[in-house]
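Listed below are the residues making up each chain.
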Amino acid sequence: MNYSLFVRIQSMILMSSSIIFPFYLLLVRQIGDSYAQFGLAYGLFTLTSAFAYLGIGRLSDWFGDRSLLVTHTFGMALVLLCVPIVTSISHVYLIQIIMGILGALQKNTEKTILARQELALTTIGRTIGRYHFKTSLWSALGIIAAGYLIDFLTIGSLFYIISAVYFYVTVRLLWDRPRSGKKHAEDSSSGVEAGIKK
C-alpha cells in the first residue's frame, strides 16, 4: 500500500467517523436518563483510549500498521451495525469501550504511518499539512452531506451506510497486498511488516 492509497483510506475513515459522531451523540443522549450518564459514556471512550495506547505502540511494531488499521476498520464496521439496535445505557457503555480501543488503534496507526514515511526534513511539515487538509476536507463534506441525507433516511440507516464504508475500506486494505520490490518498514527483531513506505 503506497502513501496516496493511505491518504485516500484515511480520508474515508475520518469522513465516516465525522459523519456518525454528531448523530451518535444524539442517539446516546436519547437512551441515557441524565447528563451524568452521557458524561460517563463519553469518559469511558476517552479513558479506554488512554489505556489502550500503552499497548498499541508495541502491537504496531510487532504486527505492522496495516494489520492494526484492518482491525480498526473491520471492528468499526461491526460495531456500527449494532448502534441502531442499542436499547439500554449499558449497551452504550460497552460500545464506548470498544470504540475507545478502536479509536486508539486508528489514531496511533495514523501517526506511525506518517512517521515511517521517507521525507526530507524540510518537507515534513508541508506533507503533514497537506495530509490534514485532504482528510479534513472530506470530513467536512461528509458531515454536510449527512445532514441532507438524514432528511430522507432514518438515523439508523446512516449507521448501516457508514458500516458498509468501513467494510469497503477493510476489503481495500486487505486487497492491496505488498508487492515484492517495494520498500516496507520492518521490525528489526521480528521482520514483520511494520508500515507503509512510498
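Keep in mind it's a predicted model, so treat the numbers as computed, not measured.

What follows concerns the overall build of the chain. Looking only at helices and strands, the chain features 6 helices and 0 strands. Counted from the first residue to the last, the chain has its helices and strands arranged as α-α-α-α-α-α. Here the chain holds 198 residues, and the buried ones make up 44% of them. A fraction of 83% describes how many contacts in the chain between residues 6 or more apart in sequence connect residues 24 or more apart.

Turning to the UniProt feature "transmembrane region" (unreviewed entry) in the chain, a few remarks are in order. The UniProt entry lists residues 6–27, 39–56, 76–105, 131–150 and 156–175 under the feature "transmembrane region" (unreviewed entry), expressed in the numbering used here. The span residues 39–56 carries 100% helix and 0% strand; its end-to-end C-alpha distance comes to 25 Å. Taken end to end, residues 131–150 is 100% helix and 0% strand, and its first and last C-alpha atoms sit 29 Å apart.

Time to look at a nonpolar patch on the surface. A cluster of nonpolar side chains, namely F74, L78, L81, I85 and Y160, defines an oily patch on the protein surface of about 460 Å² accessible area. Broken down by element, the nonpolar patch gets its largest block of residues, 3 residues, from helix 3 (residues 65–82). Residue position: F74 is located in helix 3. On the basis of relative accessible area, F74 is assigned to the partly exposed category, the value being 40%.

The description of an aromatic ring pair rests on the distance of the ring centres and on the angle between the ring planes. For the structure shown, the criterion picks out 2 aromatic pairs. Aromatic pair F6 and Y131: ring centres 5.7 Å apart, planes at 5°, arrangement stacked. Of the two residues, F6 is situated in helix 1 (residues 3–31) and Y131 in helix 5 (residues 124–152); the sequence distance between them amounts to 125 residues. For the pair shown, F6 and Y131 are each scored as buried. With 5.8 Å between their ring centres and 70° between their planes, F74 and F167 make a pair best called edge-to-face. Of the two residues, F74 is situated in helix 3 and F167 in helix 6 (residues 155–175); the sequence distance between them amounts to 93 residues.

This part covers the confidence of the model for the chain. Averaged over every residue, the pLDDT of the chain is 78; the share at 70 or more is 83%. For the chain, the element scoring lowest by mean pLDDT is helix 5, at 77; helix 3 scores highest, at 92.

Let us look at the environment of S60. When you line up the elements, S60 lands in helix 2 (residues 35–63). A sequence separation of 52 residues divides S60 from T112, and the C-alpha atoms of the two residues are 8.0 Å apart. A distance of 2.5 Å separates a polar atom in the side chain of S60 from a polar atom in the side chain of D65.

What follows covers the pattern of salt bridges. Oppositely charged side chains can pair when the atoms bearing their charge come close. Per the counting criterion, the structure on display carries 1 salt bridge. For E110, the salt bridge is made with K111, and the minimal N-O distance between the two is 3.4 Å. Judged by its relative accessible area of 6%, E110 is buried.

What counts, and where the lines are drawn
- Residues numbered from 1 in each chain as written.
- Predicted model: local features only at pLDDT ≥ 70, side-chain atom pairs only at ≥ 80, totals over all residues.
- Heavy atoms only, no water.
- Helix = DSSP H or I, 4+ residues; strand = E, 2+ residues; numbered from the N terminus.
- Buried < 20%, exposed > 50% of the residue type's maximum accessible area, 1.4 Å probe, protein only.
- Contact = heavy atoms within 4.5 Å.
- UniProt positions renumbered as here; feature names shortened; annotations may be inferred.
- Patch = residues over 30% accessible without salt bridge, like charges linked within 9 Å, V, L, I, M, F, W, Y side chains within 5 Å.
- Areas by Shrake-Rupley, 256 points an atom, 1.4 Å probe, with all protein chains shown as cover.
- Salt bridge = Lys/Arg side-chain N within 4 Å of Asp/Glu carboxyl O.
- Phe/Tyr/Trp six-rings, centres within 6.5 Å; stacked < 30°, edge-to-face > 60°.
- pLDDT = per-residue confidence, 0-100.
- Polar contact = N/O pair within 3.5 Å; in protein donor to acceptor, adjacent residues only side chain to side chain.

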